[in-house]
Amino acid sequence: MSDKLLDLLKEELKSVEEAAFILDYSYNNCRKIGIKKEYSLHELDNFEAFTSRFARLSDVLIQKLFRLIDKIELEEKGTVRDRINNAEKYGLIDNADTFVQIRIVRNDITHEYDTDSIKEIFKKVMALTPHLLESAKMTIAFAPKICYVTHCDYLVTLEKGKSSEVNHDTTS
C-alpha cells in the first residue's frame with residue numbers, strides 16, 4: 001500500500017472516530033429525551049444535532065472509508081450498494097440490509113422538511129444508531145488487517161466513549 005493511501009486511511013479512521021464519539025454523545029442525550037409527540041425547542045435542537053451527526057458518520061463510513069477500503073482491496077469501482085456489500089464481506093458491518101436502511105434514512109434526513117416526517121426520522125435514527133456505532137468500531141478494528149499490521153503504525157480505537165491512539169511498533 002502506498003504511503004499516500006496509508007495516510008488517507010489514517011485520516012479517515014480519525015474522522016470516523018471523531019464522528020462516532022460525537023454521535024454517541026448526541027445519542028445518549030436524545031435517549032434521555034425519548035421519542036414523543038411534541039418537543040421543546042431545546043429538545044428539537046438536540047434531535048436535529050443528533051440526526052445531522054448520524055448522517056455525517058454514515059457519509060464518512062460509506063462515501064469515504066468504505067470507498068477507500070475498496071480501493072486498497074482493489075475493488076474500487078461500484079455503486080453504494082456494492083460498497084455496503086463489500087463492507088459486509090470484510091466484516092465491517094453485520095448486515096448489508098441494515099446499512100442500506102441507514103443510507104436511506106441518511107437521505108431522508110438530508111431531504112425532509114415536514115415536521116411530522118422529521119419526528120419519524122428521529123425514531124428511525126434512534127433505532128439505527130447502535131448499528132452505525134458498532135460498524136464504526138468494527139471498521140476501526142479492521143484497520144490493522146488492511147495495513148497488514150507490519151505496515152500500520154497507527155490504529156484508532158473507540159473504547160467506552162473515549163478516543164485513543166495505539167502505536168503498533170513491530171520492531172520491539
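Whatever comes next refers back to the structure up there.
Quick summary incoming for the structure in this document. Everything quoted here is computed from the prediction, not taken from an experiment. (Residues numbered from 1 in each chain as written. Predicted model: local features only at pLDDT ≥ 70, side-chain atom pairs only at ≥ 80, totals over all residues. Heavy atoms only, no water.)

## Comments concerning the packing of aromatic side chains
For any pair of aromatic rings, the description consists of the separation of the ring centres together with the inter-plane angle of the planes.
Inference 1: Applying the stated rule across the entire model yields seven aromatic pairs.
Inference 2: Taking the centre distance of 4.6 Å and the plane angle of 25 degrees together, the rings of F47 and F122 count as stacked. Here F47, found in helix α2 (residues 41-72), pairs with F122, found in helix α5 (residues 115-146); they are 75 residues apart in sequence, far enough to count as distant.
Inference 3: Each member of the aromatic cluster is reached from another via a ring pair, and the members are Y27, Y39, F47, F50 and F122. (Phe/Tyr/Trp six-rings, centres within 6.5 Å; stacked < 30°, edge-to-face > 60°. Helix = DSSP H or I, 4+ residues; strand = E, 2+ residues; numbered from the N terminus.)

## Comments concerning helix α4 (residues 96-111)
Two residues of an α-helix separated by three or four positions point the same way, owing to the 3.6 residues in each turn.
Inference 1: Here α4 contains 16 residues, and its C-alpha end-to-end distance of 23 Å stays within 8% of the 22 Å for a straight helix at 1.5 Å per residue.
Inference 2: All of the buried residues along α4 are A96, F99, I102, R103, V105, R106 and I109.
Inference 3: If you check the start of α4, you find a side-chain oxygen 2.8 Å away from the backbone N of D97, and it comes from N95. (Expected span 1.5 Å × (residues − 1). Buried < 20%, exposed > 50% of the residue type's maximum accessible area, 1.4 Å probe, protein only. Polar contact = N/O pair within 3.5 Å; in protein donor to acceptor, adjacent residues only side chain to side chain.)

## Focus on the nonpolar core
Inference 1: Judged by nonpolar contacts, the single largest core of 45 residues is most densely connected at F54, L57, L61 and F99.
Inference 2: With 13 residues, the single largest contributor to this core is α2.
Inference 3: In this structure L57 touches V16, A19, A20, L23, L132, L133 and A136, once residues within four positions along its chain are discounted. (Core = buried A, V, L, I, M, F, W, Y, C linked by side-chain atoms within 4.5 Å. Contact = heavy atoms within 4.5 Å.)

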